[in-house]
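# An overview of the molecular structure
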Amino acid sequence: MGMPVEEAMQQVQTMDRNVLLDARNVTMQFGGLIAVNDVSLQVHSGEIVGLIGPNGAGKTTFFNCLTGLYKPTFGMVTFDGKPLPPKPRMVVREGMARTFQNIRLFHNMTAIENVMVGMYSRTKTNAIDAVFRLPRHRREEIASTRRAQELLEFVGLTGVGDTLSRNLPYGDQRRLEIARALATEPKLLLLDEPTAGMNPQETRQAEELIFKIRDLGLAVLVIEHDMRFIFNLCDRVSCLVRGAVLVEGPGDVVQNDPRVIEAYIGSPAAPPAATTDPLNGGVADA
Ligand SMILES: Nc1ncnc2c1ncn2[C@@H]1O[C@H](COP(=O)(O)OP(=O)(O)O)[C@@H](O)[C@H]1O
Ligand SMILES: [Mg+2]
């Protein structure tokens with residue numbers, strides 16, 4: 001016999017109590033292409049979860065399904081116990097913020113203005129209006145500016161508040177995007193390839209920053225290709241291949257799973273190329 005019913009129920013309740021994001025059987029189809037295929041993923045509060053997988057595996061599409069950019073073809077997403085609202089702006093207000101694989105900043109605004117856009121995206125005020133407020137709002141503006149400055153410092157951007165975001169080095173733009181996301185006061189932060197294009201030192205700093213964000217009490221869901229980065233950082237990792245979850249579990253388990261290694265570097269047992277291989281022997285020399 002299994003465990004008593006009460007005990008089992010209690011265990012389920014304890015497990016589910018801290019579930020912040022609950023994506024169940026999410027499928028996203030574009031015409032005939034199934035970009036995300038029946039993916040389920042949970043993120044608990046205070047947890048850092050990694051999402052890995054080869055290019056085209058569906059990671060970004062899955063993020064888009066979680067943040068109101070796409071409406072999944074099938075499946076169900078709840079955040080903080082409620083069904084996900086249908087628009088990105090509403091998702092932000094519920095407490096989920098993200099960054100993009102291709103950085104999306106307001107390039108002609110300064111760093112601090114970009115962060116302030118994040119702060120105002122929670123309210124009904126038009127974000128752009130809010131940045132260029134009238135003098136009567138001055139006092140509020142001073143408080144907002146101070147808060148934005150703190151966020152810039154938190155992500156390691158000191159002294160660049162007045163720099164136009166397009167003039168910042170690439171790594172700093174990535175950090176600025178994180179500061180803007182944090183300005184929306186999220187419970188869960190989604191990062192799409194936060195270290196893409198970074199050098200090893202910047203990557204280490206990004207890792208420290210994500211730990212610092214978790215220490216503030218936020219949960220983090222991060223897509224990344226850098227395996228060392230992911231397995232250092234994450235409590236749990238899910239590996240997507242061709243839209244579906246291949247392996248999910250604690251970092252050290254996923255890291256050593258031969259299927260994951262194969263997904264990245266190809267089958268180690270691949271036979272050597274035969275003479276009939278069209279790339280080697282099938283075509284007459286020109
Ligand atoms: N808006 C879209 N319309 C059609 N196909 C898309 C769209 N977005 C993504 N795809 C396709 O879905 C698949 C998964 O893409 P993506 O989610 O960007 O992968 P990843 O982020 O894992 O590299 C790819 O084949 C991509 O071409
Ligand atoms: Mg992607």
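Residues numbered from 1 in each chain as written. Chains lettered and ligands numbered in written order. Predicted model: local features only at pLDDT ≥ 70, side-chain atom pairs only at ≥ 80, totals over all residues.

Time to look at the site of ligand 1. What surrounds ligand 1 is the set Phe 30, Leu 33, Ala 35, Gly 53, Asn 55, Gly 56, Ala 57, Gly 58, Lys 59, Thr 60 and Thr 61. A total of three residues in the shell around ligand 1 trace back to one element, the largest contributor, which is helix H2 (residues 59-66). Tallied by class, residues from the shell around ligand 1 come to four nonpolar, six polar and one charged. (Near = placed C-beta within 6 Å. Helix = DSSP H or I, 4+ residues; strand = E, 2+ residues; numbered from the N terminus. Nonpolar A, V, L, I, M, F, W, Y, C, P; charged D, E, K, R; others polar.)

On average, residues of the protein chain score 85 in pLDDT, and 80% of them are at 70 or above. Contacts of residues 268-286 to residues separated by more than four positions or lying in other chains number seven contacts, the stretch itself having pLDDT below 50. (pLDDT = per-residue confidence, 0-100. Contact = placed C-beta atoms within 7 Å.)

Where a strand is regular, its side chains alternate between the two sheet faces. Pairing of strand S9 (residues 236-241) with strand S10 (residues 244-250) involves six bridges; the strand directions are antiparallel. The residue of S10 that forms the bridge with Arg 236 is Pro 250. Between S9 and S10, which pair antiparallel in sequence order, lie two residues; one of them, Arg 242, sits at a positive phi of approximately 45°. (Pairing = 2+ DSSP bridges.)

This next bit is on the sheet that holds strand S2 (residues 33-44). Strand order in the open sheet made by the four strands is S2-S1-S4-S5, with antiparallel pairing throughout. On the outer flanks of this sheet lie S2 and strand S5 (82-83), each paired with one strand and no other. Both strand S4 (residues 74-79) and S5 contribute to a ladder of two bridges, which runs antiparallel. Of the residues in S5, the one forming a bridge with Phe 79 is Lys 82. Here H2 sits on the sheet and contacts strand S1 (19-30), S2 and S4; the angle it forms with S1, its principal contact strand, is near 120°. (Axes fitted to C-alpha atoms, helices over the stretch in contact; angles between N-to-C directions.)

So, on to the sheet that holds strand S3 (residues 48-52). Judged by pairing direction, the sheet is mixed, and its six strands sit side by side in the order S6-S7-S8-S3-S9-S10 without closing on themselves. The open sheet terminates on both sides in strands that have one partner only, identified here as strand S6 (96-98) and S10. Recorded for the sheet is a direction-independent mean angle of 15° between the axes of neighbouring strands. Lying over the sheet, H2 contacts S3, S6, strand S7 (188-192), strand S8 (219-223) and S9, oriented at roughly 150° with respect to S7.

For S8, the buried fraction is high: five of the five residues fall into the buried class. Alternating residues of S8 divide into Ala 219, Leu 221 and Ile 223 and Val 220 and Val 222, and every residue in both groups is buried. Pairing geometry for S7 and S8, over five bridges, is parallel. Residue Leu 190 lies in a different strand from S8, and its bridge partner there is Leu 221. The parallel pair S7 and S8 is bridged by helix H8 (residues 200-215), and the resulting crossover is right-handed. (Buried ≥ 20, exposed ≤ 12 C-beta atoms within 10 Å, placed from the backbone. Right-handed = clockwise from strand over helix to strand, strands pointing away.)

Here we come to the nonpolar core. If you look at the biggest cluster of nonpolar residues, it comprises 69 residues, and the most contacted ones within it are Val 115, Leu 152, Ala 179, Leu 188, Leu 189, Val 220 and Val 222. With six residues, the single largest contributor to this core is helix H4 (residues 111-120). In this view, Leu 189 contacts Ala 97, Ala 181, Ile 213, Leu 218 and Val 220; residues no more than four positions away in its chain are not counted. (Core = buried A, V, L, I, M, F, W, Y, C linked by C-beta atoms within 7 Å.)

Backbone geometry at Asp 80 places phi at a positive 55°, although glycine is not the residue there. Mapped onto the fold, Asp 80 is located in the loop between S4 and S5. Even without glycine at this site, Glu 193 takes up a positive phi of about 55°. Mapping Glu 193 onto the fold places it in the loop between S7 and H8.

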